[in-house]
Amino acid sequence: MRNINHCILYREPKYGKCACCNEDNTNTAWCQSCDPDIATRWTIRNKNIDDCLKMFQLRSKKYESVIEWIPFDRLLDVKKIGKGGFGSVYSATWLDGIRKVEKIKDGDNDIYKRAREPSSIVALKTLTSSKENNNYFLNEFKGLMGCKLNFAKLAIYGITQNAETKEYLMVFQYVNNGVFINILKKIFVHLHGRLN
Ligand SMILES: [Zn+2]
């Protein structure tokens with residue numbers, strides 16, 4: 001057992017061993033003391049974004065909920081699907097794919113392996129004031145991460161930056177149904193009301 005940010009890590013033999021510290025993992029294919037750094041792609045250029053991503057990494061209880069910096073050139077077919085007081089929303093194909101843990105049978109044991117979907121449809125949303133040279137958009141991102149935990153139930157995958165407009169966007173779960181945009185409007189309008 002080891003402490004990180006005052007929370008006790010519970011390690012279980014059924015999750016397998018961490019290749020880094022050789023202790024039992026804290027979740028399937030996930031060691032919360034070693035993996036947040038290893039499993040994360042950093043922007044390198046923007047310390048404020050990296051610090052923000054890192055703050056959430058250290059709280060990630062499992063591999064599937066890790067958020068990361070997503071290079072814009074890993075997103076194809078970016079199409080606008082909605083616009084409103086909350087910003088613009090796009091759909092896109094994420095070439096790296098959503099993270100998942102695969103369970104492989106090995107005799108009587110289960111082995112857990114980190115994997116990704118071959119590619120995934122995701123949603124993008126512009127973050128407020130992100131074109132200007134400030135970090136206000138990170139406040140919105142942090143608010144949306146908190147909102148996700150509370151009631152929105154949409155998975156968030158990370159942050160990207162439009163290579164042309166330089167706007168920052170949140171990358172999150174796309175739901176293929178007609179009310180998706182209406183649900184988003186409610187969430188974002190509610191959240192912006194709380195942030196302002
Ligand atoms: Zn470890």
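Everything numeric in this text was worked out from a predicted model, so none of it was measured. (Residues numbered from 1 in each chain as written. Predicted model: local features only at pLDDT ≥ 70, side-chain atom pairs only at ≥ 80, totals over all residues.)

1. Here we look at the nonpolar core
Next up, step 1: Counting 34 residues, the largest nonpolar core has Val-122, Ala-123, Leu-124, Phe-141, Ile-159, Met-170 and Val-171 as its most contacted members.
Next up, step 2: Looking at this core, the elements that each hand over two or more residues are helix 2 (47-57), strand 5 (87-94), strand 8 (120-126), helix 3 (136-152), strand 9 (156-161), strand 10 (168-173) and helix 4 (180-195).
Next up, step 3: Take this core: its biggest share by element is 5 residues, from strand 10.
Next up, step 4: Excluding residues within four positions of it along the chain, Ala-123 makes contact with Val-89, Tyr-90, Ser-91, Phe-172, Gln-173 and Tyr-174. (Core = buried A, V, L, I, M, F, W, Y, C linked by C-beta atoms within 7 Å. Buried ≥ 20, exposed ≤ 12 C-beta atoms within 10 Å, placed from the backbone. Helix = DSSP H or I, 4+ residues; strand = E, 2+ residues; numbered from the N terminus. Contact = placed C-beta atoms within 7 Å.)

2. Regarding the pairing of strand 6 (residues 99-106)
Next up, step 1: Summarising the sheet, strand 6 and strand 7 (residues 109-116) pair through 8 bridges and their orientation is antiparallel. What sits directly across from Arg-99, in strand 7, is Arg-116. (Pairing = 2+ DSSP bridges.)

3. Here's the deal with helix 2
Residues that lie three or four places apart on an α-helix share one face, since the helix turns once every 3.6 residues.
Next up, step 1: Buried residues of helix 2: Ile-49, Cys-52, Leu-53 and Gln-57, and no others. One face of helix 2 carries all of its buried residues, which in axial projection span an arc of 140°. Within helix 2, the exposed residues directed more than 90 degrees away from the buried face are Lys-47, Asn-48, Asp-51 and Met-55. (Arc of directions from axis to C-beta.)

4. Quick word on the environment of Asn-109
Next up, step 1: Relative to the helices and strands, Asn-109 resides in strand 7.
Next up, step 2: The spacing of Asn-109 and Gly-16 is 93 residues in sequence and 10.0 Å in space, taken between C-alpha atoms.

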